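The residues making up each chain are set out below.
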Amino acid sequence: TKEELLLYISGLLHKKIMSFAIPMGLIYILAQISEWWAKIRNQSPIVEKESLKYLNADYMMDNSKIKKLGYNLIYPDVKIGLKKTIQWYISEGII
């Protein structure tokens, strides 16, 4: 679930999660402000409007077709892949 994924990521980052609901309309407005402010400061926005569709949706990924073609996943366990990704973000100073 999304909650389990967030709990795992928060553990990797040694951060505590605070759970609360924010209306999507407000988040959309904040994303617009974030993009505008980032553009003025010549930086990346904290939240992008385009990414909001992923926050409120459930996606199921299936890699069986690509595996049938002979592709081998570098990180078959999503937790290992997330850990490596977060380590990279930290080493690059992104988070």
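Novice: Sorry, what's going on with the side chain of S10 here?
Specialist: Structurally, S10 is set in helix α1 (residues 2-13). Contact partners of S10, with chain neighbours within four places excluded, come to K15 and I17.

Novice: Can you walk me through the packing of α1 against helix α5 (residues 78-91) in this structure?
Specialist: Relative orientation and spacing of two packed helices are given, respectively, by the angle between their axes and the distance between those axes. Running from amino to carboxyl end, α1 crosses α5 at an angle of 45°, the nearest separation of the two axes being 10 Å. The angle between α1 and α5 falls in the class oblique. Between α1 and α5 lies a crossing of right-handed hand. Listed contacts from α5 to L5, Y8, I9, L12 and L13 of α1 are K79, L82, K83, I86 and I90. A per-class count over the contact of α1 with α5 returns 8 nonpolar, no polar and 2 charged.

Novice: How do you make sense of unusual backbone geometry when you look at a structure like this?
Specialist: Negative phi characterises most residues that are not glycine, and trans characterises most peptide bonds. Within the chain, H14 stands out as a residue other than glycine whose phi angle is a positive 55°. One non-glycine residue, N42, lies in the positive phi region at around 55°. Tracing the backbone shows N42 in the loop between α2 (24-41) and α3 (52-55).

About the criteria used
Residues numbered from 1 in each chain as written. Predicted model: local features only at pLDDT ≥ 70, side-chain atom pairs only at ≥ 80, totals over all residues. Heavy atoms only, no water. Helix = DSSP H or I, 4+ residues; strand = E, 2+ residues; numbered from the N terminus. Contact = heavy atoms within 4.5 Å. Axes fitted to C-alpha atoms, helices over the stretch in contact; angles between N-to-C directions. Parallel < 35°, antiparallel > 145°, perpendicular 65-115°, else oblique. Left-handed = near helix turned anticlockwise from the far one by under 90°. Nonpolar A, V, L, I, M, F, W, Y, C, P; charged D, E, K, R; others polar.

That's the geometry; what it means functionally is another story.
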